[in-house]
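# Structural characterization, general
Chain by chain, the residues:
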Amino acid sequence: AGLPSVTLTTFRDVPWNGPYYEKLGFEVVATLTPALRALVDQQATWGLDPRSSLVVGKRFSSRFGGTVQLIQQVEGLEVNGGRVMVTFDSQQRIVRVSSSLKSFSAVRLQTLMTPQQAVAIASREVEGAWLRQDGLPFGGATRRAFVVRGELHAGYLTFVPTLKASDSWHVA
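Everything quoted here is computed from the prediction, not taken from an experiment.

## Focus on the overall build of the chain
- Helices and strands together make up the secondary structure of the chain, namely three helices and eight strands.
- The order of α-helices and β-strands along the chain, N terminus first, is α-α-β-β-β-β-β-α-β-β-β.
- In terms of overall size, the chain is more extended than a compact globule, its C-alpha atoms giving a radius of gyration of 20 Å where 172 residues would be expected to give roughly 16 Å.
- When its C-alpha atoms are laid out on the principal axes, the chain stretches across 60 × 35 × 30 Å.
- Counting only contacts in the chain whose residues sit at least 6 apart along the sequence, the fraction spanning at least 24 positions is 44%.
- Total accessible area on the chain stands at roughly 11300 Å², and carbon and sulfur atoms take up 53% of it.
- Here the chain holds 18 positive side-chain charges and 13 negative ones, and the gap between their average locations is 4 Å.

## Points about the pairing of strand S4 (residues 94–99)
- Both strand S3 (residues 77–89) and S4 contribute to a ladder of five bridges, which runs antiparallel. The partner of Val84 across the bridge, within S4, is Ser99.
- The antiparallel pairing of S3 with S4 creates a hairpin that spans four residues between the two strands, and Gln92 there sits at a positive phi of about 65°.

## Here's the deal with helix H3 (residues 115–125)
- Those residues of H3 not exposed but buried are Ala118, Val119, Ala122 and Ser123. Each buried residue of H3 sits inside an arc of 135° when the element is viewed along its axis, so together they form one side. In H3, the exposed positions angled more than 90 degrees off the buried face are occupied by Gln116 and Arg124.
- The secondary structure elements touched by the buried residues of H3 are strand S6 (140–148), strand S7 (151–159) and strand S8 (169–171).

## As for the side chain of Arg144
- Along the chain, Arg144 turns up in strand S6.
- There is a polar contact of 2.8 Å between the side chain of Arg144 and the side chain of Asn80.
- With residues near it in sequence (within four places) discarded, Arg144 still touches Leu77, Glu78, Asn80, His153, Ala154, Gly155 and Leu157.

Conventions adopted
- Residues numbered from 1 in each chain as written.
- Predicted model: local features only at pLDDT ≥ 70, side-chain atom pairs only at ≥ 80, totals over all residues.
- Heavy atoms only, no water.
- Helix = DSSP H or I, 4+ residues; strand = E, 2+ residues; numbered from the N terminus.
- Rg over C-alpha atoms; globule rule 2.2 N^0.38 Å.
- Contact = heavy atoms within 4.5 Å.
- Areas by Shrake-Rupley, 256 points an atom, 1.4 Å probe, with all protein chains shown as cover.
- Lys, Arg positive; Asp, Glu negative; His and termini not counted.
- Charge placed at Lys NZ, Arg CZ, Asp CG, Glu CD.
- Pairing = 2+ DSSP bridges.
- Buried < 20%, exposed > 50% of the residue type's maximum accessible area, 1.4 Å probe, protein only.
- Arc of directions from axis to C-beta.
- Polar contact = N/O pair within 3.5 Å; in protein donor to acceptor, adjacent residues only side chain to side chain.

Coordinates in, geometry out; function isn't part of it.
The structure is reproduced here in structure tokens:
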């Protein structure tokens, strides 16, 4: 069982959006369902910045309904922690919406370092970082946007394995 369909909202003014999503099987709908109309109308109430978009993240469904996680992005970059969770009943009616969307006054998405530099910085900030034989740290980095003093800045969420797992994640 599960939901009979998935609806995606996206921007018409991005040239590649239409062809890309059509290849995935999405179709332009002329009339919005009441649930989708409510979702679109609600975005400003949630605090979704006009420069942001919401993309479908995880979807969960059962015979009782489903939940869709929407991830906040700016210029294709995930805003760390920016989420909307929409829960539907089996009749596709919205029964719950929770939001942790991030608001910001300015956008600065130029990164000042490489992912490798971010991992190296993070490895110096923790005790017991695991190092390879060549002295470089194990780990990786994912580019994300973070709200810092009311502005959105690009940076990296890094993972550097340590003996204490709670110390392994850092922002650079």
